[in-house]
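Secondary and tertiary structure notes
One-letter residues, chain by chain:
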Amino acid sequence: MYDLGDVVPLGVTVTDSGGTLVNAGSMALTITRPDQTTVTVSPVTPASTGTYSYDYTPAQAGRHIVRWVATGAHANAYADVFDVRTADPAFLFSLTDAKKHLNIAADDTSADDEIRDWNAATTMVVEHFVGPCARRTISERHTFGVAAVRVLRHTPALALISLVPILNSGTSYDPDDLDLDADTGIVQRLDGGLLYGPLRITYTAGRVVIAPNISAAGRIILQHLWRTQRGSLRGPVIAGGDDYAVSEPIQGLGYAIPNRALELLEPDRLPPGVA
């Protein structure tokens, strides 16, 4: 996983039937961006016999598809992918906080990328139970024709940005004329009128302050996921080792979450049917 703006080193090798590095007649590289536009580099000259490389700086977040095609002598093709995080990855913790909790020295950067990946996984698991933690912009389609209220799908909801019609004949609504209940996601007109749809509603969701119980649960989950991959290779088990034990499967997530973490999240658990 790369960050937006990173230099992504791409490469491929060409060999003959005996496994010896050889140059292709010609080599071309095509990168398909997340929006399905493409970048083509042709020809790519070998850095050394049979070895081709290209440094690419992505300008879009998301999945990129890489395809190398050699033509002429030693023709072949090779495809791969790489992923790019958004500019704001919305992690539950900073890298510094995550390393501190895992008892990894600040100057040990050997596992930073892996820790960030587990941080992202931890964030997704926590938000599965309590809704968005890091602030983000969400746009969603509400297809009901006429209703007194609209219920946003992600809570806590911090602020409405826009309510615009999907149909040309529809009605737009000024967020200043609406009331938003942050905890339930209920939106209604201040004048008591109806909301006519279908609507595209854009809003900000997340938390201004992440409660201590949510942070504590996230730390337990992060530690558990890290230990399942690294065992005892990364320092001693933090005091209260039973907090990381998983004795019961959790519906939809199996054994990925320690029971103690789920208990800590309970005060902020979303009601059924709310994301």
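Look above for the structure.
Before going into details, it helps to say that this report is about the structure given with it. Every value quoted in this text rests on a predicted model; they were computed, and no experiment measured them.

1. Comments concerning the overall build of the protein chain
Within the protein chain, the secondary structure is distributed over four helices and 14 strands. Residues classed as buried in the protein chain amount to 36% of the 275 residues present. Summarising the internal contacts of the protein chain: among those between residues at least 6 apart in sequence, 67% fall at separations of at least 24. Element-wise, carbon and sulfur atoms account for 52% of the exposed surface of the protein chain, whose accessible area totals about 14,700 Å².

2. Structural notes on the sheet that holds strand β7 (residues 136–142)
Across the sheet, three strands lie side by side as β7-β14-β10; this open sheet has antiparallel pairing. Unpaired on one side and paired on the other, β7 and β10 (157–165) mark the two borders of the sheet. Sheet twist, expressed as the mean angle between neighbouring strand axes with direction ignored, is 20°.

3. Remarks on helix α2 (residues 112–130)
Quick reminder: α-helices carry 3.6 residues per turn. Residues three or four places apart thus point the same way. The terminal C-alpha atoms of α2 lie 27 Å apart, and with 19 residues this matches the ideal 27 Å at 1.5 Å per residue to within 8%. The set of residues buried in α2 consists of D112, I115, R116, W118, N119, T122, T123, V125, V126, E127, F129 and V130. With its phi angle positive at about 85°, G131 sits one or two positions after the end of α2.

4. Examining the side chain of R116
Summarising the element assignment, R116 is placed in helix α2. When sequence neighbours within four positions are dropped, the list of residues in contact with R116 reads D3, R85, F91 and L95.

5. Overview of the packing of aromatic side chains
This structure, assessed with the given rule, holds two aromatic pairs. Summarising the aromatic geometry, the rings of Y2 and F82 are spaced 6.0 Å apart at their centres and angled 90° between planes, so their arrangement reads as edge-to-face. In this pair, Y2 is assigned in the segment before β1 (8–13) and F82 in strand β6 (residues 76–84), connecting sequence segments 80 residues apart. Assessed through its relative accessible area of 6%, F82 is described here as buried. Within the aromatic cluster, the residues linked to one another by ring pairs are Y2, Y56 and F82.

6. Some points on a nonpolar patch on the surface
Taken together, the side chains of V146, L194 and Y196 define a hydrophobic patch exposed on the protein surface, amounting to about 260 Å² of accessible area. With respect to the helices, strands and loops of the structure, V146 is situated in strand β8 (residues 146–147).

7. Describing the sheet that holds strand β5 (residues 62–71)
Read from one edge of the open sheet, four strands run β3-β2-β5-β6, paired in antiparallel fashion. Single-partner strands in this sheet number two, and they are β3 (38–41) and β6. Along the sheet, successive strands turn relative to each other by an average axial angle of 15°, direction set aside. Across four bridges, strand β2 (residues 26–32) lies against β3 in antiparallel orientation. Bridge pairing links T30 to T40 in β3.

8. Some thoughts on the nonpolar core
Membership of the largest hydrophobic core comes to 24 residues, with the highest contact counts inside it found for I115, V126, F129, V130, I221, W226 and L265. Broken down by secondary-structure element, the contributors of at least two residues to this core are α2, α3 (212–230) and α4 (259–265). Broken down by element, the residue count for this core peaks at seven residues, all from α3. Dropping the residues within four chain positions of it, I115 is found in contact with L95, A98, K99, L102, I104 and W226. Counting residues in each nonpolar core, the second largest holds 19 residues, with A24, L29, V66 and A70 among its members.

About the criteria used
- Residues numbered from 1 in each chain as written.
- Predicted model: local features only at pLDDT ≥ 70, side-chain atom pairs only at ≥ 80, totals over all residues.
- Heavy atoms only, no water.
- Helix = DSSP H or I, 4+ residues; strand = E, 2+ residues; numbered from the N terminus.
- Buried < 20%, exposed > 50% of the residue type's maximum accessible area, 1.4 Å probe, protein only.
- Contact = heavy atoms within 4.5 Å.
- Areas by Shrake-Rupley, 256 points an atom, 1.4 Å probe, with all protein chains shown as cover.
- Pairing = 2+ DSSP bridges.
- Axes fitted to C-alpha atoms, helices over the stretch in contact; angles between N-to-C directions.
- Expected span 1.5 Å × (residues − 1).
- Phe/Tyr/Trp six-rings, centres within 6.5 Å; stacked < 30°, edge-to-face > 60°.
- Patch = residues over 30% accessible without salt bridge, like charges linked within 9 Å, V, L, I, M, F, W, Y side chains within 5 Å.
- Salt bridge = Lys/Arg side-chain N within 4 Å of Asp/Glu carboxyl O.
- Core = buried A, V, L, I, M, F, W, Y, C linked by side-chain atoms within 4.5 Å.

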